[in-house]
Structure formats: structure tokens, C-alpha cells
Amino acid sequence: MSSKKYNIAVVGATGAVGEEILLLLEEMEIPVNKLIPLASARSAGSRVTFKNKEVAVLELTESVFKEQEVEIALFSAGGSISEKYAPHAAKAGAVVVDNTSFFRMMDDVPLVVPEVNPEDIKEWKKTGIIANPNCSTIQMVIALKPLDKEYGIKRIDVSTYQATSGAGKLAMDELMNQMRDVMNFRFENTKVEKFPHKIAINVIPQIDKFTENGFTKEELKMVNETQKIMHKKMQIASTCVRVPVLRGHSEAVTVHFEDIIDADDAREILSKAEGVTVIDEPQKSKYPMPLEATGKNDTFVGRIRNDIYDKSILHMWITADNLRVGAATNAVKIVKKWIEMEENK
């Protein structure tokens, strides 16, 4: 892939997404000269595994990027951390790939899904930062971009079924602890900390805070980010729901096209699309599910069908591993594409 090797920092290396990034740097054969895992002072001194070797975690400071001669910095430790430290990484000369929402909608920061808008990566020099989109946005645009290219999308209506891992490790623990309480008949007194309600044997139609227009911030992220990534102001409405699943987000998507679209043609287009796997044999109970998507780097699409009343409307079901496709995989793919672009100037 590359004759050069890079000093790569992973901010939030001990978190759920950070762990996946370390696996994917190796899996995707990113040319790493030196890995610099970074975390809070509390986690500094602990160790992570990379290429079968233990690497000590360093404390995240404003000066560590210059001291360690970091060339690529992947951030996945929360918006406030990125706000404070990403500019220091960029100032030190590193390209920053940020997995939080802090920079996503800034005009001079490219928001990138490599299968959809890789050309936007070239804008990175404006700030030194490339933003990674929201997990639910990523899997949706990967599936919709090839269809938009052929038929033109006018409107998207999407309902998400988002796993607890989207809220971090502690949220996953909360689900497991609550399920144990259910099994031991202690559910009435179970702890609720990461979500507004109990998540075990429940669904919560709220992710993030509500805004004045009745949509949550998570729902508006899907609207605004999709329009920015696809460079198109199509109409979008989203309802985001937290479900008692550990890993893997799913989406029920209704798409309004400018032209009549045949479900079989859509299935054929998607089967050839980069980063997409079609599983669509409903009569045999074959369709995408979170369990099958876990640990995979593709977006899975099924239940592809025309609307009963309007043949320019298509319905589909999309599932992907939110820690991979929705975060780490996309970030590492951005790094891989950035390296290719830089070395092919």
C-alpha cells in the first residue's frame, strides 16, 4: 500500500471504539511506524495490544502530539476532548480524524464517508481535521448513495434501532446488569444511569436531547450530516430509538425517488456497491440482523421492496456494526484513503 510508515496516535485507545481502531489499523494493513495510544491520566500507564505486542498508554496532553512526532491522530474520546486537543494535534502537523460530533457541521471541515464522498478528503488542509459522521448516518448513506446516483433521491424517512454500544461501554454494562436483574426478579429496583429509562426488555424513543422542533439532536444529526455528505438538500425525517441490543444498529428506511425504481434493479445496484452486502431472501427468513453484522466491515441491506401505492418509493432494512462501520472502520478507511491521496499527489 505505502512505502512510508506513519506515527499514528489513537486518542481514547482504551474505549470501545478505540479498541476497534487498533484492530482495524492492523486488519487494513495501515503502515504504522509507531503507535501512540493516548487516554486520560487515569488510564495512562495501562497497556493495549497491537500486532501481538503490548504498548503503554500515554497521557493525553496538549504537547504530546509534537513530542511524539504524530503524523495521524484518530480521536474517539468525546466531543469536549476533541474540542480541546484536536487543534493541538493539527497544529503539530498531524491530520486529525475525529469521531465525535464537535467538528462535523463546520463549513471548513470535511465530513467523509470514503464510499460516498472520498473527494472531500482533499479539503483537510483547511483545518487539519477530517470529521467522521454519526454512526447511523454512515450506514444509511453507504446504502443510499449508489441508488441516488442512478435514480435521484427526493426524500428519506428513517427509523433507527440503535444498540446500547452507541452510548459506550458503561451503557452496554447497564443493559447486561438490568438483564441479570430481570432474570433474578429484581427489575423494579434496577439502576438507571446511562439512559432516561430502563433499557432491558424495553425500547426508548429518545437518543440525545429534544430540540424545540420536537426532533432530538441525534435525529437532526442524521438530517444535516446526510445533506452535507451527499451534497444535496433532500428532505429527511428521522426517528431514533434505543433498543436492548449490545452491538449493531438497524434502520427501516423509506426512500422517495425522482423516477420510478424497480426493487430488483435496486437490489442489483446495491449488490455491486462498495461496502454493501445484500441479504434479501425474506421467504427463507434471510435478512440483515445485528448479530450477523457484528465484527463485519460491510453495511448489510435487505427487505428491499417497492411501495404498494407509489413505484417511485422504495422500502429497505439496513444493519451495520456501529462500532466498526459506524465509527472505527470509517475512520481507518479515511486514513487509508488520505495516505493514498497524499502519496499520489
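Each residue is numbered by its place in its chain's sequence as written, counting from 1. This being a predicted model, a pLDDT of at least 70 is required before a residue's local features are given, and a value of 80 or more before pairs of side-chain atoms are given or counted; all residues contribute to the totals for chains, interfaces and linings. The side-chain figures draw on all heavy atoms in the structure; neither hydrogens nor water molecules are used.

### With respect to the packing of helix α4 (residues 135-151) against helix α6 (residues 217-230)
The relative placement of two packed helices comes down to the angle between their axes together with the axis-to-axis distance.
Phase 1: Viewed as axis vectors pointing N to C, α4 and α6 meet at an angle of 40°, and their least axial separation amounts to 10 Å. Between α4 and α6, the crossing angle belongs to the class labelled oblique. Taken as a pair, α4 and α6 cross one another with a handedness that is right-handed. Contact residues: α4 offers S136, T137, M140, V141, L144, K145 and D148, while α6 offers E218, K221, M222, E225, T226, I229 and M230.
Phase 2: Classification used: nonpolar for Ala, Val, Leu, Ile, Met, Phe, Trp, Tyr, Cys and Pro, charged for Asp, Glu, Lys and Arg, polar for all others including Gly. Classifying every residue of the contact of α4 with α6 gives 6 nonpolar, 3 polar and 5 charged. Between N-to-C directions, angles span 0 to 180 degrees; the directions come from axes that are lines fitted to C-alpha atoms, helices contributing only their stretch in contact. Elements are defined by DSSP. Helices are runs of H or I of four residues or more, strands are runs of E of two residues or more, and each kind is numbered from the N terminus. Should an angle fall under 35 degrees it is called roughly parallel, over 145 degrees roughly antiparallel, and 65 to 115 degrees roughly perpendicular, with every other angle called oblique. Left-handed is the label given to a crossing in which the near helix is rotated counterclockwise from the far helix by less than a right angle, and right-handed is the label when the rotation is clockwise. Residues are treated as being in contact if the distance between any of their heavy atoms lies within 4.5 Å.

### Observations concerning the nonpolar core
Phase 1: In these notes, a set of buried Ala, Val, Leu, Ile, Met, Phe, Trp, Tyr and Cys residues joined through side-chain atoms within 4.5 Å is what counts as a nonpolar core. Each residue is assigned to one of three classes by its accessible area relative to the maximum for its type, calculated with a 1.4 Å probe on protein chains only: buried under 20%, partly exposed between the two thresholds, exposed over 50%. In this structure, F65, F75, I156, V253, L314 and M316 are the most contacted members of the largest nonpolar core, which totals 58 residues.
Phase 2: The dominant element in this core, judged by the number of residues it contributes, is α4, at 8 residues.
Phase 3: Ignoring sequence-local partners within four residues, the contact set of F65 consists of V11, L38, L60, V70, A73, F75, Y85, H88, A89 and A92.
Phase 4: Core analysis: the second largest hydrophobic core is formed by 36 residues, L25, I30, L74 and I130 among them.

### Considerations on empty space enclosed by the protein
Phase 1: A cavity, in this analysis, means grid points on a 1 Å lattice covering only the protein atoms where a 1.4 Å probe fits yet has no way out; a pocket is instead an open set bounded by protein on both sides within 12 Å along at least five of seven lines, and a residue lines either one if it has an atom within 4 Å of a point. Grid points are joined across faces, edges and corners, and a volume is the space filled by probe spheres set on the points. Per the stated rule, a full pass over the model turns up 1 cavity of 30 Å³ or more.
Phase 2: Of the pockets and cavities examined, the largest cavity occupies roughly 40 Å³.
Phase 3: As for the largest cavity, its lining consists of E115, I138, I142, G275, N297, T299, V325, T329, N330 and K333.
Phase 4: No other element matches the 4 residues that helix α9 (residues 324-343) contributes to the lining of the largest cavity.
Phase 5: When grouped by side-chain class, the residues that make up the lining of the largest cavity number 3 nonpolar, 5 polar and 2 charged.

### Regarding α6
Phase 1: Here α6 is 14 residues long and its end C-alpha atoms lie 20 Å apart, about the 20 Å a rise of 1.5 Å per residue gives.
Phase 2: Of all 14 residues that make up α6, 10 are buried, and the element is covered over most of its length.
Phase 3: Every buried residue of α6 is accounted for by E218, E219, K221, M222, V223, E225, T226, Q227, I229 and M230.
Phase 4: Looking at the packing, one finds that the buried side of α6 touches α4, β9 (153-162), β10 (235-242) and β11 (249-257).
Phase 5: The positive-phi residue at the C-terminal boundary of α6 is H231, with phi of around 55°. Here, expected helix span is obtained from the residue count minus one, scaled by 1.5 Å.

### Details of the pattern of salt bridges
Side-chain pairing between opposite charges can occur once the charged atoms of the two side chains come close.
Phase 1: Each salt bridge in this description consists of a side-chain nitrogen of Lys or Arg and a carboxyl oxygen of Asp or Glu lying within 4 Å of one another. Scanning the entire structure with this criterion turns up 20 salt bridges.
Phase 2: Among the ionic pairs, E115 bridges to K333, the shortest N-O distance being 2.5 Å. You can see E115 sitting in the loop between β7 (95-98) and β8 (129-131) and its partner K333 sitting in helix α9, a full 218 residues away along the chain.
Phase 3: Each of E20, E27, R247, D321 and R324 takes part in salt bridges that share partners, so that together they form one network.

### Some words on unusual backbone geometry
Phase 1: Its identity as a non-glycine residue notwithstanding, K51 has a phi of 55°, on the positive side.
Phase 2: By the secondary structure assignment, K51 is in the loop between β3 (47-50) and β4 (53-56).
Phase 3: In this model, R303 sits at a positive phi of 50°, which is unusual for a non-glycine residue.

Taken by themselves, the reported measurements are silent on function.
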